[in-house]
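# Overview (structure and organization)
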Amino acid sequence: DRHRIIKHEHNKDCHLTLWNKEGNKIISASFDGTARIWPFNSNDFAKNREVKSSYVFDSELGRSQDIKCYAVAWSCKGRYAVASFCKKTNKRAEDKQNVVSNIQVYDSKADKKIHKFEKFYDDTEFENYIFILEPHPFNESIMMSADYDGKICIWDIERGYLLNCFTENCSH
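Residues numbered from 1 in each chain as written. Predicted model: local features only at pLDDT ≥ 70, side-chain atom pairs only at ≥ 80, totals over all residues. Heavy atoms only, no water.

### Overview of the overall build of the chain
Definition in use: In this text, helices come from DSSP runs of H or I with a minimum length of four residues, and strands from runs of E with a minimum of two, each type numbered from the N-terminal end. Accessible area is worked out with a 1.4 Å probe on protein chains only. A residue is then buried under 20% of its type maximum, exposed over 50%, and partly exposed in between. Contacts: residue pairs with any heavy atoms within 4.5 Å of one another. Only the protein chains shown count as cover for residues, and all accessible areas are computed by the Shrake-Rupley method using a 1.4 Å probe.
Each helix and strand in the chain was counted, giving one helix and twelve strands. Along the chain direction, N to C, the helices and strands of the chain fall in the order α-β-β-β-β-β-β-β-β-β-β-β-β. Residues classed as buried in the chain amount to 44% of the 172 residues present. Put simply, of all contacts in the chain between residues at least 6 apart along the chain, 44% involve residues at least 24 apart. When the accessible area of the chain is evaluated, it comes to approximately 9800 Å², of which 47% is carbon and sulfur surface.

### Quick notes on the sheet that holds strand 5 (residues 67-74)
As a reminder, the rule being used: Only when DSSP finds a minimum of two bridges between them are two strands counted as paired. Fitted lines through C-alpha atoms serve as axes, helices being fitted only where they are in contact, and the angles separating the N-to-C directions of these axes extend from 0 to 180 degrees.
Read from one edge of the open sheet, four strands run 5-6-7-8, paired in antiparallel fashion. What marks the edges here is a single partner per strand, and that holds for strand 5 and strand 8 (112-117). Recorded for the sheet is a direction-independent mean angle of 25° between the axes of neighbouring strands. As judged from the nine bridges shared by strand 6 (residues 80-88) and strand 7 (residues 99-107), these two strands associate in the antiparallel manner. Residue alanine 81 lies in a different strand from strand 7, and its bridge partner there is tyrosine 106.

### Details of unusual backbone geometry
Phi at aspartate 111 takes a positive value of approximately 60°, unusual for a residue other than glycine. With respect to the helices and strands, the residue aspartate 111 is situated in the loop between strand 7 and strand 8.

### A short note on the side chain of serine 75
With respect to the helices and strands, the residue serine 75 is situated in the loop between strand 5 and strand 6. With a relative accessible area of 3%, serine 75 lands in the buried category. Look past the residues within four positions of serine 75 in its chain and what remains in contact with it is Tyr80, Pro135, Glu140, Met143 and Ile157.

### A closer look at the pattern of salt bridges
Rules: Should a side-chain nitrogen of Lys or Arg be within 4 Å of a carboxyl oxygen of Asp or Glu, the pair is scored as a salt bridge.
Using the criterion set out here, one finds four salt bridges in the structure. For the salt bridge of arginine 79 with aspartate 107, the shortest nitrogen-to-oxygen distance reads 2.8 Å. Of this pair, arginine 79 sits in the loop between strand 5 and strand 6 while aspartate 107 sits in strand 7, and the two are 28 residues apart along the sequence. Arginine 79 sits in the partly exposed class, given a relative accessible area of 30%. Where lysine 116 meets glutamate 118, a salt bridge forms, and the shortest distance between an N and an O atom there is 3.5 Å. Overall, lysine 116 belongs to the partly exposed group, its relative accessible area being 29%. A relative accessible area of 34% places glutamate 118 in the partly exposed class.

### Digging into the pairing of strand 2 (residues 25-30)
Among the six residues in strand 2, five count as buried, and that is most of the element. One ladder, built from five bridges, connects strand 1 (residues 14-19) with strand 2; its direction is antiparallel. Considered in strand 2, the bridge of cysteine 14 is made with serine 30. As consecutive antiparallel partners, strand 1 and strand 2 are separated by five residues, and within that stretch glycine 23 has a phi angle of approximately 80°, a positive value. Looking at chain direction, strand 2 and strand 3 (residues 35-39) are connected through five bridges and run antiparallel. When the bridges of strand 3 are listed, isoleucine 26 appears paired with tryptophan 38. The hairpin turn running from strand 2 into strand 3, its antiparallel successor, is four residues long, and glycine 33 in that turn takes a positive phi close to 90°.

So yeah, pure geometry; function would need other evidence.
And the structure:
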């Protein structure tokens, strides 16, 4: 089965995979609530058949069937891997979704998670699905995110802070 490498460790569908710039690592996103980084050997394809993930992002949203990893991205030069996690909650409000989210940053050189973003400037928590993560085309430390509320945020993923946030006001 050609999909066995990724599906071997994910418990639910793996819906997104991306290569890093060097082509020696893959990041995968799954609706099982995990993102995983996998080594890849382009010189010996047989070594990739039973490969294990080298890093697993923990959503840090507790344990629940409702946690999902919606988006993953590599920074433009491949040093940082970024993943967004979302969880349905029991919180109900008239004009809000019942979702909490976070964005996590992994440094592949240090081999560890370095940041977790959960709030905007005013300490407002993310309250909708973050479905887009996009690296800046040439600045390694800059990443963009977008959610279903129309918030488009620019992050410094190296230093760990929000640079700017815009809200798109359009009707769907």
